[in-house]
Structures are given as C-alpha cells and as structure tokens.
Amino acid sequence: MSDKDKRGGGARGSAGNRDGRSGGGVGRDVGQEPARAADQGGRSVGGVGKEGRQTPRGAGDRGRASGGQQERGQSSGSAVRADSRGRGADGGRGASGAEGGGARSRDRLKGERTSGARSQGQSQHARSAGARERRQGEAPRQIAGVPVAVGDSVVIDIVGMTHEGQGVGRVEGYTLFVSGAVPGDRVQAEVQSIGKSFGRARMAALVAASPDRIAAPCEIYEACGGCQLQHWGYAAQLRWKREHVAGVLARIGKLPVAPLEGDAGEAGGREIAPDAGRAPVVVHPVIGMDEPWRYRNKAQVPMAAGIGGNGLIGGFFEQGSHQVVDMEACLIQQEQNEETVRAVKRIARSLGYSAYDRATGRGLLRHVVVRNAEATGQRMVVLITNGRDLPHVDELCGLIREDIPGIASICQNINTSPTSQVFGDETRVLWGNDVIYDEIGGITFAISARSFFQVNPTQTERLYRTAVDYAGLTGEETVIDAYCGIGTITLFLARHARRVYGVEIIPEAIEDARRNALLNHITNAEFAVGPAEVIMPQWQAEGVAPDVIVVDPPRKGCDPALLATMLELRPARIVYVSCDPATLARDLRVLEDGGYHTIELQPVDMFPHTTHVECVSQLIRLQNAEPRS
C-alpha cells in the first residue's frame, strides 16, 4: 500500500516506515527472486475493467494501437539470435514501431515528443542510462553455460512479466527480463547484463506487438518512474495482477490456489501443489476501476534545479534513479492536484526559491506535497524545506490563495535530514487550518499534512468494505485494528462491531484517529500509541479478548513479534490487508503454520497503470489446531 504514501514520513509501527506506492519507481518484492518470474502471459480470465474506456480526458487519439501484426512463426519461449546490426537468422531486419500493428516500440517513442518537460526528461534519462552502462561494463560479459553474452541481440517471445513490469522471455531456457516488453510481444532485445540464472535486456525493436499493447498516452511516460504499465491494456493489467498474486501465494506461501476458469490448474504459470485435507485459497478477479485515470488525491513532488543548475523543476523521479523528471501533467493525478502543483512551482520560481541539492545539502525547497479532498473540494499545500527560514511567507500565501481555488491549508514541513526521507518531524501552519476534511463511505476524516490517507478514494471504499465483509461482524464482536493509522479501517469496523481497539506507533496518527472518532460521533472505538505487539498483550491482560484482528502493515509486512502475538491471542478470524503480495504470502505461511487457514483473497487495483496491487485476505482459525512444528 510505490511517492511513499504510507502514514507520513515518520517511523511506522513495529515494522518500520510504510513505503507505499508510486513516485520514484518500484521496489523489489521481499522474498521474490527474479529468476523465478512466472509465465504470466495473460491466460486467466475474470479481470474487471472496461477496455473501451482506455484513454483519459485530454489524451486525444493515443489510445489502443490498431492494425495487423506480423506472424510470429515461432513457439512461445523460443528466440532467434541476431547479429550486432539487428538482423535475424534469416537475414531479415526485425520490424519495429509501425510494423507492430501501430504500437510503437518504447525506444521509438523516445525523441518523438518535443515538449520542454520531455527535453528535460530526455537529458536526465541519457545521463542515467550512461551511468547504468558504465556499471554494466564492470559485470561479466560472458558466463560459461549461459547461451547469451552482453551485447548480443536476440529475437524473443515475451511470455510473462516481472513484479517490476519487465517482460519475461527465454533463450534456450535462459530467462531474460526485457524492459518495455509486455506478454504477447515478439521483440528484438539487446542483452545488457547477465547472471547465472537470468539476465536483463532492453527492447531494441518491436517485431510483433501483443494484442494487449497500446500506445501510452502520457507524454513523459518513457522517462518518469511513476507508472510502469501504461503501454498495456487495462484488462490485461488486471488479469496479470491476479495471476501475480496467485503465483506468489503458491511459490512463497506454499499455498494451494484454486484456479479460475481458464487457468488450467495454474497460478501465475506454476502448477499448484496439492495439499491434502484442505481447500485451496480462492483468489478472486481483481476489482478494477471503470475509469482508471485521474484517481490520485495526493501528489508528492520532488524539486530540483533545471538544466545547468538554473531555475526550478518538479515532477517525479525517473525509474531507478534520483533524476527528477519535470512534470506539467500527470494522467493518474486528479486534475486539481495537477493545477495546484503547476501553480506552486510558478509561484516558487517567481519568489526566487532554490531547489534542494542532496549532494551538497544546500538549497531550500525539497518537495511540494498537495492534497485534494474530493468530497469537500478542500485543498492543502505543504512545502517541505531544508530549514525553517522561508522567505516571503506572506507573499507566498497570498499568491497561493489567489491562484488556487479551494485552498484551505498552507503548511511548511522542515526537513534538514541528509536522507531521502520526505517529511521532517516539524510541521507548522502558514495559513488556514492544520487539516482538510474528506469523506469515504459516509465517514468524515480530518487529514493533516503527514496523515496517511489512501490516495484512491473510489477503490479505498471497495477495499475497506471487503475488509469489513471478511471480518464477518454481527455487532457483538471485539476487534483489534493493528497499524490503525488515523483510524480509517477502525471506524469502518466500529459501525459493525461491539467494540474496536486501534493501535499505532505514531502519536500524531492516534491524535487524528481520536479526532476522527469524535467527528463521526463514534463512541465504541478506543486508540492507543505504541507497537502493536506490546499494546495487544496489555489489552489482553485487561480482559480484552479479540474475536477478530485486522492488520494493514507497511510494505515490509508484519513484524515477526506481531505475528507471534496474534497467534497467542488466537482470534477466530484474521483479516490481512496488504500492499505487497510477496510479504503477504510470507506472513500467511507463518499464520497457516500457527493454526489458521487462508480462505479467500480479494485483490483491489488501487493504483492502475502501476505494478502495485492491494489485497484483502480472510483467515479462519482451525478448531483445536496446534501450531505446526
């Protein structure tokens, strides 16, 4: 749950910082080995979403590519070696761009866009690519037993996708991860690095396009690391996310997964191991969005100096780097956030604010964070600065109020840390209120500068309603919500339970949670500050016996001590909300070994066009079950 949006910038629960989704690229799933990437080529059915509504407002006619495709002429997983000039074994040059059914290769897209932001992104992208090439020069160029060497060009069929959004193909059984490729593509790939079990390659040309490939509508998609899947149809994204979840449950969690119709007994391309005496886990089709664009209610924008160290730009980090790609438009941001970011950058330039330089520790403006409350129309601006001194404060606030409709809060957060952490410990209000108000599912929430609040309000309501449904509440239960944050799930649960207890390690979050309970006249919710594995035994000593425990941990999953505490408390049900399928699978294995069965799992697409997927899992305690040795 890739901007790191989870519950502010401070320490997170017993599991540390919540390093959620978007912004500067995609982190590796814990416990997932690249060499084991499954053949997830879009074979299962049941994905949710409307393919016909692929193009967002303002994207023009850059939607689904059309036209014919070349005959692949080879079975899936095979490859044709090409020489350094890119010619295949038959002497013919591989087709690229328009020859692939109108879906241009990602490399061909580079250089065709001419906006100023694009030019800035290209120069930064080139510098980053050069650095990667220099690093690769230090790696082995050839390994005994590996059928390819660095610099080789091969024609390869893409049969799957990694959790980072890279296509998976094979050369004589050897796995290559190909950036820019999607399942169903045939590509000419240039090998960039190799290891004993897998290598990495770039797509030099698109020989034949997958039927699910589309033209990415975003002008800076090639450079920006915020999205990874815009060049893949939305229905295909949803199918793959379901298969990805099923695959890691089978591989990491060692759990049997019930196939959907069309899965042919596989989970993410791996045969499901039978487990006598238990029903397999049901992984439902992903709940997608009818309109998978303009969904984010929060933008967290790093600032940097322009070309030659002059001016001020702000946008997102190029994938896998700390190079900032300037952004004037972002198709997954709500338009209000886009408008607010543009205004704040323009005002900051007019006031002569400098960008923070992490290398030197100098400069003023580190990040601009903006929020939009969809239900109330209120907006918040947070300027994160390298020190308390902020020149021209009155003029700054006046210009923001004049230029940005609905502005209700202008804050400054001070962060002098040399790390990449976004927020510092001190926040002060420059103008207006310290919070804005938004609503999800009939519950009003006060959101402060550092509050964790889900960034996709439409999908959040679906996620939380699923969690309440999986809790199986009748109105008589006692529920504990670990990692409760500002009380979002807690207050949903409180409307259906006898009493709910929320625990969170961040004091400011608990203050917000208590405020939100009062705001909604909810009196059966109690909150405590501290590590969940410490507070929960204290509650037990006071006579609290939970019927249900709900956990919504950071990306790294539950702390082992918390898992042990949950097993000691032995609730009848556990509802696990996860933002990382790999750590979810790891933790489900622990809970299964402790006497629980995972019954079903509902993925929710909180972040369309990225590789991230949120999941809600239901676990039931086995009667008289003893932990497995």
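Please read these numbers as outputs of a predicted model, since none were measured by experiment.

Conventions used here
Residues numbered from 1 in each chain as written. Predicted model: local features only at pLDDT ≥ 70, side-chain atom pairs only at ≥ 80, totals over all residues. Heavy atoms only, no water. Helix = DSSP H or I, 4+ residues; strand = E, 2+ residues; numbered from the N terminus. Expected span 1.5 Å × (residues − 1). Buried < 20%, exposed > 50% of the residue type's maximum accessible area, 1.4 Å probe, protein only. Arc of directions from axis to C-beta. Contact = heavy atoms within 4.5 Å. Pairing = 2+ DSSP bridges. Axes fitted to C-alpha atoms, helices over the stretch in contact; angles between N-to-C directions. Left-handed = near helix turned anticlockwise from the far one by under 90°. Nonpolar A, V, L, I, M, F, W, Y, C, P; charged D, E, K, R; others polar. Phe/Tyr/Trp six-rings, centres within 6.5 Å; stacked < 30°, edge-to-face > 60°. Lys NZ or Arg CZ within 6 Å of the ring centre and 35° of its normal. Parallel < 35°, antiparallel > 145°, perpendicular 65-115°, else oblique. pLDDT = per-residue confidence, 0-100. Salt bridge = Lys/Arg side-chain N within 4 Å of Asp/Glu carboxyl O.

**Quick look at helix α8 (residues 507–519)**
Here α8 spans 18 Å end to end across 13 residues, near enough to the 18 Å set by a 1.5 Å rise per residue. If you check which residues of α8 are buried, you get Ala509, Ile510, Asp512, Ala513, Asn516 and Ala517. Angular distribution of buried residues about the axis of α8 spans 155°; they occupy a single face of the element. Turned more than 90 degrees off the buried face of α8, the exposed positions are Glu511 and Leu518. Buried residues belonging to α8 abut β19 (443–448), α7 (488–494), β21 (499–504) and β22 (525–529). The positive-phi residue at the C-terminal boundary of α8 is histidine 521, with phi of around 55°.

**Examining unusual backbone geometry**
Although it is not a glycine, glutamate 172 sits at a positive phi angle of roughly 50°. Examined against the element boundaries, glutamate 172 turns out to sit in the loop between β3 (167–171) and β4 (174–179). Positive phi, close to 55°, is recorded for arginine 294, a residue that is not glycine. You can see arginine 294 is positioned in the loop between β10 (281–283) and β11 (298–304).

**Considering the sheet that holds strand β13 (residues 324–326)**
Strand order in the open sheet made by the seven strands is β13-β12-β11-β14-β15-β16-β17, with mixed pairing throughout. Whereas interior strands pair on both sides, the edge strands pair on one side only; in this sheet they are β13 and β17 (426–432). The average angle at which neighbouring strand axes cross in this sheet is 35°, direction not considered. As judged from the seven bridges shared by strand β15 (residues 379–385) and strand β16 (residues 407–414), these two strands associate in the parallel manner. Within β16, the position partnered with valine 381 by the bridge is isoleucine 410. Across the sheet, helix α4 (residues 335–350) lies against β11, β12 (313–317), β13, β14 (365–372) and β15, angled at about 145° from β14, the strand it touches most.

**Considering α4**
Working note: α-helix, 3.6 residues per turn, so residues spaced by three or four point in the same direction. Here α4 is 16 residues long and its end C-alpha atoms lie 23 Å apart, about the 22 Å a rise of 1.5 Å per residue gives. Of all the positions in α4, only Asn337, Glu338, Thr340, Val341, Ala343, Val344, Lys345, Ile347 and Ala348 are classed as buried. Of the surrounding elements, those touching the buried residues of α4 are β11, β12, β13, β14, β15 and α5 (393–403).

**Describing the sheet that holds strand β24 (residues 573–578)**
Judged by pairing direction, the sheet is mixed, and its nine strands sit side by side in the order β7-β10-β25-β26-β24-β23-β20-β21-β22 without closing on themselves. Each having just a single partner strand, β7 (257–258) and β22 make up the two edges of the open sheet. Where strand β20 (residues 478–482) lies against strand β23 (residues 548–551), four bridges are found, and the strand directions are parallel. Note on β23: the bridge partner recorded for alanine 482 is valine 551. Along the sheet face, helix α10 (residues 560–569) touches β20, β23, β24 and β25 (596–604) and points at about 165° away from the line of β23. Where helix α11 (residues 581–593) meets the sheet, its contacts fall on β24, β25 and β26 (614–621), and the angle it forms with β24 comes to roughly 165°.

**Topic: the packing of helix α3 (residues 234–251) against α11**
Two packed helices can be described by the angle between their axes and the distance between those axes. Running from N to C, α3 and α11 point in directions that differ by 35°, and their axes come no closer than 8 Å. Regarding α3 and α11, the two cross each other, and that crossing is right-handed. Counted together, His244, Val245, Val248 and Leu249 of α3 and Pro581, Ala582, Ala585 and Leu588 of α11 form the full contact between these two elements. The class makeup of the residues in the contact of α3 with α11 is seven nonpolar, one polar and no charged.

**Here's the deal with the packing of aromatic side chains**
Enumeration over the complete set of coordinates arrives at five aromatic pairs. Aromatic side chains phenylalanine 445 and phenylalanine 453 sit 5.7 Å apart centroid to centroid with 55° between the ring planes, which places their arrangement in the tilted category. You'll find phenylalanine 445 and phenylalanine 453 in the same group, each marked buried. A cation over a ring is seen here: arginine 366 above tyrosine 356, with NZ or CZ 4.1 Å from the ring centre.

**With respect to the packing of helix α9 (residues 532–541) against α10**
Contact geometry for α9 and α10: axes closest at 9 Å, N-to-C directions at 20°. Looking at the two axes, α9 sits roughly parallel to α10. The handedness of the crossing between α9 and α10 comes out as left-handed. For the pair α9 and α10, the contacting residues are Ala532, Glu533, Met536, Pro537 and Gln540 in the first and Ala561, Leu562, Thr565, Met566, Glu568 and Leu569 in the second.

**Some thoughts on the confidence of the model for the chain**
Overall, the predicted model of the chain reaches an average pLDDT of 81, with 75% of residues at or above 70. Here residues 1–78 scores under 50 on pLDDT; set against residues more than four positions off or in separate chains, the count is 282 contacts.

**Observations concerning the environment of valine 301**
If you trace the backbone, valine 301 turns up in strand β11. With 14 residues separating them in the primary sequence, valine 301 and glycine 315 have C-alpha atoms 5.3 Å apart. Not counting chain neighbours up to four residues away, the residues in contact with valine 301 comprise Gly314, Gly315, Val341, Arg366, His367 and Val368.

**Details of the pattern of salt bridges**
Note on pairing: side chains with opposite charge can pair once their charged atoms come close. Considering all chains together, one arrives at 19 salt bridges under this definition. For arginine 186, the salt bridge identified is with aspartate 157, shortest N-O distance 2.9 Å. Here arginine 186, found in strand β5 (residues 186–194), pairs with aspartate 157, found in strand β2 (residues 153–161); they are 29 residues apart in sequence, far enough to count as distant. Given the relative accessible area of 6%, arginine 186 is considered buried. With its nearest N and O atoms 2.6 Å apart, the salt bridge here joins lysine 241 to aspartate 605. Of this pair, lysine 241 sits in helix α3 while aspartate 605 sits in the loop between β25 and β26, and the two are 364 residues apart along the sequence. Assessed through its relative accessible area of 0%, lysine 241 is described here as buried. Among the charged side chains, a salt-bridge network with shared partners connects Arg294, Glu338 and Arg342.

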